[in-house]
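Geometric and topological summary
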Amino acid sequence: MAETQFYFLSEKYYLHFPDDKLMRNKEMEEGKPHNRPCFFAFSDENYPEIKWIVPISSRCEKYKKLYKIKQEKYGNCNTIRFGELFGRETVFLIQNICPALPEYLIPYMDKNNQGIQIDNRIRKDIIKNVREVLAISKSGRKIVFPDIWKIYRELISEISKDNF
């Protein structure tokens, strides 16, 4: 699994981890269910089998307003980051991150059946901010919407079972 690719979450993930704070896309597109949000994924430092996945959105104006509010309130905002994908501005919603194993991820491929890559500058910014948010979250502050640590512990348990 390439480090800098984008993925969709399988329905199996939502069934296995029924957290109502996980981002879901219930929209229909041309009368058919649309894929869930696309996620940027990278490996966990302690358990490389676990991927931290960051949902992306094209609704930049909405999140620019929230970003500004957080900047004014806290002096910083590392839960919402902006970058470019396919030549368009994209927002990375670190506030909605969650962990997953590769079995729950469906690669997002381009028209040439290649995995989607992200610019290295953006990748570094997202990963740096995710690690800061994870550290804050680990200390007990509610900075991320889903219960990521509950899911994380369950994934570690799955990995442990698979290794025996």
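Above this text you will find the structure in question.
In short, a report on the structure. Along each chain, residue indices are assigned from 1 in the same order as the chain's sequence is written. Local features in this predicted model are restricted to residues whose pLDDT is 70 or higher, and side-chain atom pairs enter the listing and the counts only when it is 80 or higher, whereas totals over whole chains, interfaces and linings include all residues. Excluded from the side-chain calculations are hydrogens and water; all other atoms, namely the structure's heavy atoms, are used.

**Some details on the environment of Gln114**
Mapped onto the elements, Gln114 comes out in the loop between β9 (105-107) and α3 (120-138). A C-alpha to C-alpha distance of 9.6 Å links Gln114 and Gln5, two positions 109 residues apart in sequence. Beyond its immediate sequence surroundings of up to four residues, Gln114 is in contact with Tyr108 and Met109. Segments assigned H or I by DSSP are reported as helices when at least four residues long, segments assigned E as strands when at least two residues long, and all are numbered from the N terminus. Throughout, a residue-residue contact means that at least one pair of heavy atoms, one from each residue, lies within 4.5 Å.

**Comments concerning the pairing of strand β4 (residues 39-43)**
Relative accessible area decides the class of each residue, using a 1.4 Å probe on protein chains only: under 20% of the type maximum gives buried, over 50% gives exposed, and in between gives partly exposed. Within β4, five of the five residues are buried, leaving the element largely enclosed by the surrounding structure. Both faces of β4 are covered, namely the face carrying Phe39, Ala41 and Ser43 and the face carrying Phe40 and Phe42. A pair of strands counts as paired when DSSP detects no fewer than two bridges linking them. As paired elements, β4 and strand β5 (residues 51-57) share five bridges and run antiparallel to each other. Paired with Phe42 across the strands is Trp52, a residue of β5.

**Looking at the packing of aromatic side chains**
Pairing of aromatic rings covers Phe, Tyr and the six-membered ring of Trp, with a centre-to-centre limit of 6.5 Å; geometry is then stacked below 30 degrees between planes, edge-to-face above 60, and tilted otherwise. All chains considered together, the criterion is met by 14 aromatic pairs. Taken together, a centroid distance of 5.2 Å and an interplanar angle of 55 degrees make the contact between Phe8 and Tyr108 tilted. Taken together, the residues span a long stretch of sequence, with Phe8 in strand β1 (residues 6-9) and Tyr108 in the loop between β9 and α3 at a distance of 100 residues. Judged by its relative accessible area of 26%, Tyr108 is partly exposed. Here the aromatic rings of Tyr13 and Tyr14 are separated by 6.0 Å at their centres, their planes lie at 85 degrees, and the arrangement is edge-to-face. An aromatic cluster of at least three residues, connected via ring pairs, comprises Phe6, Phe40, Phe42 and Phe92.

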